[in-house]
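# Chain and residue survey
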Amino acid sequence: MTTNEKEINCNLFDQLSILERIEAVTDDEKVLRQIAIERRQIERKLYQSPPAVSET
């Protein structure tokens, strides 16, 4: 099954949404630091250039 770039981006945006919901309900500093790490990793994938999947 092939996955196109649009599907990958939708999945990454879904992951960011999950992190935002978790962040909204926690005050734990360890959790907030881990969320920041995860967010940076997801954004690095989301905004990479060139795209992860070539359009052929």
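What you see is a predicted model; the values in this text were computed from it and never measured.

### Describing the side chain of T26
- Among the secondary structure elements, T26 is positioned in the loop between α1 (5–24) and α2 (29–46).
- Of the residues examined, T26 reaches a relative accessible area of 17% and is grouped as buried.
- A polar contact is formed between the side chain of T26 and the backbone nitrogen of D28, at a distance of 3.1 Å.
- Those residues in contact with T26, other than ones at most four positions away along the chain, are V31 and L32.

### Points about the nonpolar core
- In terms of nonpolar packing, the biggest core is built from six residues, these being L12, L16, L19, I35, I42 and L46.
- Contributions of two or more residues to this core are made by α1 and α2.
- Ignoring any residue separated from it by four or fewer positions in sequence, one finds I35 in contact with L19, I22 and E23.

### Some points on the pattern of salt bridges
- Summed over all chains, the structure comprises one salt bridge.
- Of the charged contacts, one joins E23 and R39 as a salt bridge, the two residues approaching to 3.2 Å between their closest N and O atoms. You can see E23 sitting in helix α1 and its partner R39 sitting in helix α2, a full 16 residues away along the chain.

### Focus on the packing of α1 against α2
- α2 packs onto α1 with a crossing angle of 165 degrees between their chain directions and a minimal axis gap of 10 Å. Here α1 is positioned roughly antiparallel relative to α2, judged by the angle of their axes. Note that α1 runs across α2; the crossing there is left-handed. Contacts between α1 and α2 involve N9, L12, F13, Q15, L16, L19, E20, I22 and E23 from the first element and V31, L32, I35, E38, R39, I42, E43, K45 and L46 from the second.
- Looking at the contact of α1 with α2 residue by residue, the classes come out as 10 nonpolar, two polar and six charged.

Here is what the cut-offs are and how they apply
Residues numbered from 1 in each chain as written. Predicted model: local features only at pLDDT ≥ 70, side-chain atom pairs only at ≥ 80, totals over all residues. Heavy atoms only, no water. Helix = DSSP H or I, 4+ residues; strand = E, 2+ residues; numbered from the N terminus. Buried < 20%, exposed > 50% of the residue type's maximum accessible area, 1.4 Å probe, protein only. Polar contact = N/O pair within 3.5 Å; in protein donor to acceptor, adjacent residues only side chain to side chain. Contact = heavy atoms within 4.5 Å. Core = buried A, V, L, I, M, F, W, Y, C linked by side-chain atoms within 4.5 Å. Salt bridge = Lys/Arg side-chain N within 4 Å of Asp/Glu carboxyl O. Axes fitted to C-alpha atoms, helices over the stretch in contact; angles between N-to-C directions. Parallel < 35°, antiparallel > 145°, perpendicular 65-115°, else oblique. Left-handed = near helix turned anticlockwise from the far one by under 90°. Nonpolar A, V, L, I, M, F, W, Y, C, P; charged D, E, K, R; others polar.

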